[in-house]
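Results of the structural survey
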Amino acid sequence: MADEWRPELYDSKLGFVSGHGEHVIGLLQPQAGEAVLDLGCGTGELTARIRESGAHAVGIGKSEAMVARARSKYPELRFIVADAESPLPEAMVEAFDAVFSNAALHWMKAADQVLAEVWRCLRPEGRFVGEFGGRGNIRTVEEAIEEVLLAEYEIEASAFHPWYFYSLGEYAARLEAAGFHADAAVHFQRPTALPDGDAGMDYWLESFAKPFVHAVGEKESGRLFRLVKERCRPSLYRDGRWTLDYVRLRFAAHKPQRG
Ligand code: BEZ
């Protein structure tokens, strides 16, 4: 699929995504001198925050446009275009003390492949700490997209879904099947207010729901998003702002010592 990310829009209108990642850095507790991989680094905001702790942070992301922006914002840091659903470069094998990920893993539907790559990148005792969308995440938005595609276009949305939202039990089982020791996990609702009043939902859809446009074609994109927005409004728009029904899955795991 073409690179559909829009880094300027992401940084100017969706800064809350990295803002929420601060809590995940708190769980990671990066230490000076550690090597930390930021998996799904976006435009590098949290990679840079991890670096502030004195850790050597490296960001990887699948989108060339997002990584290019991260490099231009933080030229002193290393960012690599790489897809963790495929084998990562050999140079990364056992090169990290920790792998961190915020708001990215739900975009990587081949979770077992990703976990195998995280495992390969970590040294023994290395930590894997992250947060992503959990079961039930943005259900109102998902249902609105599904209903509009079916009612207005007679299209089944399932083939176009870019995300997968795990339950706590499912993901913990995947972690353990990959060899990790799951240390902690919590699944919780985190209603998330969008900035920019009524336009906030337009920016969100334009940034994150683009894969569904493939179902209807670019010319229909405006109509599709308008209909989705109006279907969501009664549940998610109040007092001049959108609050999306985010649900998070936050976890900490580690790769046990060999033997
Ligand atoms: C999330 O962070 O939960 C999310 C963001 C964009 C699309 C879907 C989910």
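Up top is the structure.
This report concerns the structure included in the present document.

**Considerations on the nonpolar core**
- Counting 35 residues, the largest nonpolar core has Val141, Leu149, Trp204 and Leu224 as the members making the most contacts within it.
- For this core, the elements supplying multiple residues, two or more each, are helix H2 (16–28), helix H6 (139–153), helix H8 (199–208), helix H9 (213–216), helix H10 (221–236) and strand E9 (241–244).
- It is H6 that contributes the most residues to this core, six residues altogether.
- Residue contacts for Trp204: discarding those within four places in its chain leaves Leu14, Phe16, Ile138, Val141, Trp163, Leu194, Ala209, Leu244 and Tyr246.
- With 30 residues, the next largest nonpolar core counts Val99, Met108, Val118 and Cys121 among its residues.

**Quick notes on the site of the ligand**
- The environment of the ligand is made up of Ala103, His106, Trp107, Asn137, Ile138, Trp163, Trp204, Phe208, Tyr246 and Arg248.
- Note that an oxygen atom of the ligand is positioned 2.6 Å from one of the side-chain N or O atoms of Arg248.

**Let's talk about the state of the cysteines**
- What the rule picks out here adds up to zero disulfides.
- Cysteine Cys41 remains unbridged, with the sulfur of Cys121 as its closest cysteine sulfur at 13 Å.
- Given the relative accessible area of 6%, Cys41 is considered buried.

**A word on the sheet that holds strand E1 (residues 35–39)**
- A sheet is described by the order of its strands in space; here seven strands give the open sequence E3-E2-E1-E4-E5-E10-E6, paired in mixed fashion. Strand pairing shows two members of the sheet lacking a second neighbour, strand E3 (78–81) and strand E6 (181–189), which therefore form its edges. The mean inter-strand angle of the sheet, taken between neighbouring strand axes irrespective of direction, is 15 degrees.
- Sheet topology note: the strand E2 (residues 56–61)/E3 ladder contains four bridges and is parallel. Residue Val58 lies in a different strand from E3, and its bridge partner there is Arg78.

**Concerning unusual backbone geometry**
- Of note in the backbone geometry, Ala103 takes a positive phi value of approximately 55 degrees without being a glycine.
- Looking at the element boundaries, Ala103 is found in the loop between strand E4 (96–102) and helix H5 (111–121).
- The phi angle at Ile138 is positive, at roughly 40 degrees, despite the residue not being glycine.
- Taking the relative accessible area as the measure of exposure, Ile138 reaches 2% and is therefore buried.

About the thresholds
- Throughout, a residue's number is its position along its own chain's written sequence, starting from 1.
- Totals for whole chains, interfaces and linings use every residue, but because this is a predicted model, local features are given only for residues with pLDDT of at least 70 and side-chain atom pairs only at 80 or more, for both listing and counting.
- Calculation of side-chain values draws on the structure's entire complement of heavy atoms; hydrogens and water are dropped beforehand.
- We call a set of buried residues a nonpolar core when its members are Ala, Val, Leu, Ile, Met, Phe, Trp, Tyr or Cys and they connect through side-chain atoms within 4.5 Å of each other.
- The cut-offs for exposure are 20% and 50% of the maximum accessible area for each residue type, with area from a 1.4 Å probe on protein chains only; residues under the lower value are buried, those over the upper are exposed, and the others partly exposed.
- By definition, any uninterrupted DSSP run of H or I lasting at least four residues is a helix, any uninterrupted run of E lasting at least two residues is a strand, and each is numbered from the N terminus.
- Two residues qualify as a contact provided that any one of their heavy atoms is within 4.5 Å of a heavy atom in the partner residue.
- For each residue, the test is whether any non-hydrogen atom lies within 4 Å of the molecule or strand; if one does, the residue is near.
- We call two N or O atoms a polar contact when they sit within 3.5 Å, provided that within protein one can donate a hydrogen and the other can accept it, with sequence-adjacent residues counted only if both atoms are side-chain atoms.
- In this description, the term disulfide denotes a pair of cysteine sulfurs within 2.5 Å.
- Should DSSP find at least two bridges between two strands, the strands are regarded as paired.
- For helices, the fitted axis covers only the stretch in contact; all axes are lines through C-alpha atoms, and the angles between them, taken along N-to-C directions, range from 0 to 180 degrees.

The values are spatial; any link to function lies outside them.
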